[in-house]
Amino acid sequence: MPVERDYYEVLSVERTASEDEVKRAYRRMAMKWHPDRNPGDAKAEVEFKVCAEAYEVLSDPQRRALYDQYGHAGLRQAPGHDFSRMRPDDIFSIFNDIFGGGGFGGGRQRRGPVRGYDLETSVEITLDDVLRGKEHEVNFARRDVCGACEGSGAKKGTKPIQCPTCGGNGQVAQAGLGGMFRMVTTCPNCRGRGSVISEACPECRGAGRVSRKRNLSVRIPKGIAEGQVIRIASEGEPPPQEADAAGKGPRGDLHVVIAVQDHETFERVEDDLVCTRDISFPLAALGGRVRVDTLEGPQEVDIPKGSQDGDIVTLEGVGLPNLRKPEKRGDLRIGLRVVVPRRLSADQRRLLEELAKLDSADGEEIRPPEKSFFKKIKDSIAGSET
């Protein structure tokens, strides 16, 4: 899963930064990383989109409060736009008020129907959900076309009027340095629509869009992993008002990012599960059968005689389903830990003393301490896959 970066560090602001300071910082960073200023630089485009993501959170008091208290996990039920899949000019249109409607593609013409913006949210599931799959309720808010004004932003009974700044063209020409050339940019008054409203709709305050809560039941497939995304087609936002006031163009999608809770017993490595099991010295020496926990309940496993501390026992087919082939399952890898009792009964002490007399300390090999169990098991899995 991609590393979740600190939004304050992304914009280079303090956690106490005011709304205006955040806005200025975003404008500065967006101009720095805009792809038009960094042609062919893939890293610059990524940084540009991450800056937009950071600003959307830190400029919203409610989402910023959730982020300050809970970090990225606090935003799981407060979805935002999926900037990673947007074009730079789409991002500029969302934050048009910051950039004054001009520069960096502000006057580019779109071809064909304009698609709405994608949204992204997260859900947290358990390893049991990964094993069995489940229906998960997803609650989020999205901007929809205002029903009162049908997306126009104008009060019922009124109509938008021609923009006096651009004369209805949606673009304005500004003189360049020394009057040697002219630069055509999107009209800052009407934002390219060519019209403005004289009386705003009281429901949406002229925006043409209102925020509405939405509940969906999303099927979580078996075998899904941390960071994977489920795409729900056409559950994003309608096209932006300046491109399609009535919002009749195709909606964006909702991307549901999966987060898997840590399990108190098992650790996941691909489709395998890893755990540890304490065994006694006699069991390690003589071998036998013990019960171990699995996600589906206890099972018995054979402990080979002569087992050493750190050895691995495998239960095949008791791991997690494969996402592409759910009928195929990984294994359960069990790291053995030989436990030495802290307290001995009189009979235990007598028997151990007799065993000690039979053993000889001569020729014992001094070995470095074993790696941690989980790391050792992971290394063995990685080695078996090469």
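Residues numbered from 1 in each chain as written. Predicted model: local features only at pLDDT ≥ 70, side-chain atom pairs only at ≥ 80, totals over all residues. Heavy atoms only, no water.

## Here we look at the sheet that holds strand β10 (residues 254-260)
Next, step 1: In space, the four strands of this open sheet follow the order β1-β2-β10-β9, with mixed pairing throughout. If you trace the sheet from one side to the other, it starts and ends with β1 (80-81) and β9 (229-232), each paired once.
Next, step 2: Both β9 and β10 contribute to a ladder of four bridges, which runs antiparallel. Bridged to valine 229 within β10 is valine 257. (Pairing = 2+ DSSP bridges. Helix = DSSP H or I, 4+ residues; strand = E, 2+ residues; numbered from the N terminus.)

## Some words on the packing of helix α2 (residues 19-33) against helix α3 (residues 42-58)
Helices that pack against each other are described as a pair by the angle of their axes relative to one another and the distance between those axes.
Next, step 1: Viewed as axis vectors pointing N to C, α2 and α3 meet at an angle of 165°, and their least axial separation amounts to 9 Å. Regarding the angle of α2 to α3, the classification is roughly antiparallel. Crossing handedness for the pair α2 and α3: left-handed. On α3, the residues that touch Val22, Lys23, Tyr26, Met29, Ala30 and Trp33 of α2 are Ala44, Glu45, Glu47, Phe48, Cys51, Ala52, Tyr55 and Leu58.
Next, step 2: Class assignment of the residues belonging to the contact of α2 with α3 gives a composition of eleven nonpolar, no polar and three charged. (Axes fitted to C-alpha atoms, helices over the stretch in contact; angles between N-to-C directions. Parallel < 35°, antiparallel > 145°, perpendicular 65-115°, else oblique. Left-handed = near helix turned anticlockwise from the far one by under 90°. Contact = heavy atoms within 4.5 Å. Nonpolar A, V, L, I, M, F, W, Y, C, P; charged D, E, K, R; others polar.)

## Digging into a negative patch on the surface
Next, step 1: On the surface, Glu4, Glu53, Glu120, Glu226 and Asp262 cluster together into a negatively charged patch.
Next, step 2: Judged by relative accessible area, glutamate 226 falls into the partly exposed class, the value being 36%. (Patch = residues over 30% accessible without salt bridge, like charges linked within 9 Å, V, L, I, M, F, W, Y side chains within 5 Å. Areas by Shrake-Rupley, 256 points an atom, 1.4 Å probe, with all protein chains shown as cover. Salt bridge = Lys/Arg side-chain N within 4 Å of Asp/Glu carboxyl O. Lys, Arg positive; Asp, Glu negative; His and termini not counted. Charge placed at Lys NZ, Arg CZ, Asp CG, Glu CD. Buried < 20%, exposed > 50% of the residue type's maximum accessible area, 1.4 Å probe, protein only.)

## Some words on the sheet that holds strand β11 (residues 267-269)
Next, step 1: Strand order in the open sheet formed by four strands is β11-β12-β16-β15, with mixed pairing between adjacent strands. A strand with exactly one partner marks an edge of an open sheet, and here the two such strands are β11 and β15 (312-315). Sheet twist, expressed as the average angle between the axes of neighbouring strands with direction ignored, equals 35°.
Next, step 2: Note: β11 against strand β12 (residues 272-280), three bridges, orientation antiparallel. Pairing of valine 269 across the sheet is with aspartate 272, part of β12.

## Side note on the nonpolar core
Next, step 1: Ranked by size, the top nonpolar core spans 35 residues in total, and within it Ile220, Ile258, Val301, Ile303, Leu332 and Ile334 carry the most contacts.
Next, step 2: With four residues, β10 is the single largest residue contributor to this core.
Next, step 3: Counting residues in hydrophobic clusters, the runner-up holds 29 residues, among them Tyr8, Phe48, Ala54 and Tyr117. (Core = buried A, V, L, I, M, F, W, Y, C linked by side-chain atoms within 4.5 Å.)

## Focus on the packing of aromatic side chains
Next, step 1: The full count for this structure, using the stated rule, is three aromatic pairs.
Next, step 2: Taking the centre distance of 4.9 Å and the plane angle of 35° together, the rings of tyrosine 7 and tyrosine 67 count as tilted. Of the two residues, tyrosine 7 is situated in helix α1 (residues 7-11) and tyrosine 67 in helix α4 (residues 61-70); the sequence distance between them amounts to 60 residues.
Next, step 3: With a centroid separation of 4.7 Å and 10° between ring planes, the pair formed by tyrosine 26 and tyrosine 55 is classed as stacked. Of the two residues, tyrosine 26 sits in helix α2 while tyrosine 55 sits in helix α3, which places them 29 residues apart along the sequence.
Next, step 4: The class for tyrosine 55 is buried, based on a relative accessible area of 7%.
Next, step 5: Members of the aromatic cluster, each reached through a chain of ring pairs, are Tyr7, Tyr8 and Tyr67. (Phe/Tyr/Trp six-rings, centres within 6.5 Å; stacked < 30°, edge-to-face > 60°.)

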